[in-house]
Amino acid sequence: MGGVDKASIEWRGRTLLEYALDAVTDAAEVVVVGDWVPTERPVTFTREEPVRGGPAAGVLAGLDAFAGAPRHVVVLAVDMPRVTMSTVDRLRDAAEGRDGAVLVDSHGRRALAYVFSVEALRAARPDAEAAYGMSLRALLGELDLAAVPARGDEAHDIDSWDDLA
C-alpha cells in the first residue's frame, strides 16, 4: 500500500487500529508494535530493533514491552478489521491446555491472529540476531497451536487499496 501506516487508515469511518483495539477491549494491557498514532485507549507503543525486522522480531518486541506479566497474549495484525472480541474469545478457548491458537481461513492458511501462552512463546524465542528477519512460521514451528476456523470473512486482511474498497 505504498508504505502507508495501516494503523491510521480509515475503514467505515474508523481507523484500523481502533478495530484491532476493539477486539481486545477486555485486555488488562495492550502493546502496539508500530509507530505512535493517537488512540482513545491507553496503549504502549514499541518497535522492533532494528525497525522492519520482520514479524517474529515484532512479536518478540511486543512481548518485551509488557509492564505486567501476562500468562497469555493476543497477537493481531492491525489490518484485520473483521476480527472481533468473539474471534479472540474463540482463540482463547482453543488455546487452553496448548501453546496457543491461530485463526485459519477456509483454505487452512494461518491469519495473523493468535493467542499464545507467554511461557511457550518465551521458550521458542531465539537470540536477538536470529529473530531479525525470521518468519513467524519459523518462530512458532515447535509450538502446539490449535487451528480455529474463521467465521465468514474475519480472516480477511487489507493488503491493498482494492482490499480496503
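Analysis parameters
Residues numbered from 1 in each chain as written. Predicted model: local features only at pLDDT ≥ 70, side-chain atom pairs only at ≥ 80, totals over all residues. Heavy atoms only, no water. Helix = DSSP H or I, 4+ residues; strand = E, 2+ residues; numbered from the N terminus. Rg over C-alpha atoms; globule rule 2.2 N^0.38 Å. Buried < 20%, exposed > 50% of the residue type's maximum accessible area, 1.4 Å probe, protein only. Contact = heavy atoms within 4.5 Å. Areas by Shrake-Rupley, 256 points an atom, 1.4 Å probe, with all protein chains shown as cover. Lys, Arg positive; Asp, Glu negative; His and termini not counted. Charge placed at Lys NZ, Arg CZ, Asp CG, Glu CD. Salt bridge = Lys/Arg side-chain N within 4 Å of Asp/Glu carboxyl O. Arc of directions from axis to C-beta. Polar contact = N/O pair within 3.5 Å; in protein donor to acceptor, adjacent residues only side chain to side chain. Pairing = 2+ DSSP bridges. Axes fitted to C-alpha atoms, helices over the stretch in contact; angles between N-to-C directions. Core = buried A, V, L, I, M, F, W, Y, C linked by side-chain atoms within 4.5 Å.

Right, let's get into the overall build of the chain. Counting secondary structure elements, the chain contains 7 helices and 8 strands. What you see for the chain is a C-alpha radius of gyration of 15 Å, in line with the 15 Å of a compact globule of 165 residues. In terms of principal-axis extent, the alpha carbons of the chain reach across some 40 × 35 × 30 Å. Classification of the 165 residues of the chain by burial places 42% in the buried group. At a minimum sequence separation of 6, the contacts of the chain that also span at least 24 residues come to 62%. Surface exposure of the chain reaches about 8,900 Å², of which carbon and sulfur atoms provide 49%. Here the chain carries 17 positive and 28 negative side-chain charges, and the mean point of each set is 3 Å from the other.

The subject of this paragraph is the pattern of salt bridges. Pairing between side chains of opposite charge can happen when the charged atoms of each approach one another. Considering all chains together, one arrives at 10 salt bridges under this definition. In this structure, Asp-144 and Arg-98 form a salt bridge, with 2.8 Å as the shortest nitrogen-oxygen distance. Of this pair, Asp-144 sits in the loop between helix H6 (136-140) and strand E8 (145-149) while Arg-98 sits in the loop between helix H3 (85-95) and strand E6 (100-104); the two residues are 46 residues apart in sequence, bridging distant segments of the chain. For Asp-105, the salt bridge identified is with Arg-109, shortest N-O distance 3.1 Å. A network of salt bridges, in which partner residues are shared, links Asp-26, Asp-89 and Arg-92.

Turning our eyes to something else, we now look at H3. What H3 keeps buried is the set Thr-87, Val-88, Arg-90, Leu-91 and Ala-95. Angularly, the buried residues of H3 cover 155° about the axis, an arc narrow enough to put them on a single face. Where H3 is buried, its residues contact helix H1 (16-23), strand E5 (72-76), E6, strand E7 (110-117) and E8. Its side-chain oxygen 3.2 Å from the backbone nitrogen of Ser-86, Thr-84 forms the N-cap of H3. Just past H3, the residue Gly-97 takes up positive phi, approximately 75°.

What follows covers the sheet that holds E5. Spatial ordering of the open sheet is given by E5-E7-E6-E8, a layout of 4 strands whose pairing is mixed. Edge positions in the sheet fall to E5 and E8, since each of these pairs with one other strand and no more. The sheet shows a mean angle of 20° between the axes of neighbouring strands, direction not considered. As paired elements, E6 and E8 share 5 bridges and run parallel to each other. Across the sheet, residue Ala-101 finds its bridge partner in E8, namely Ala-146.

One broad rule of soluble globular proteins: the nonpolar side chains tend to lie buried together. In this structure, Val-73, Tyr-114, Phe-116, Leu-121, Leu-139 and Leu-140 are the most contacted members of the largest nonpolar core, which totals 22 residues. Of all elements in the fold, only helix H2 (55-64), E5, E6, E7, helix H4 (118-124) and H6 reach the threshold of two or more residues within this core. No other element matches the 4 residues that H2 contributes to this core.

Right, let's get into the side chain of Ser-117. Along the chain, Ser-117 falls in strand E7. Separated by 3.2 Å, the side chain of Ser-117 and the backbone nitrogen of Ala-120 make a polar contact. Leave out the neighbours within four places in its chain, and Ser-117 touches Arg-71, His-72, Arg-98 and Asp-99.

Quick look at unusual backbone geometry now. A positive phi angle is found at Arg-12, which is not glycine, with a value near 55°. You can see Arg-12 is positioned in the loop between strand E1 (10-11) and strand E2 (14-15). Residue Arg-12 is classed as exposed on the basis of its relative accessible area, which comes to 68%.

Everything listed here is a matter of geometry and, on its own, says nothing about what the molecule does.
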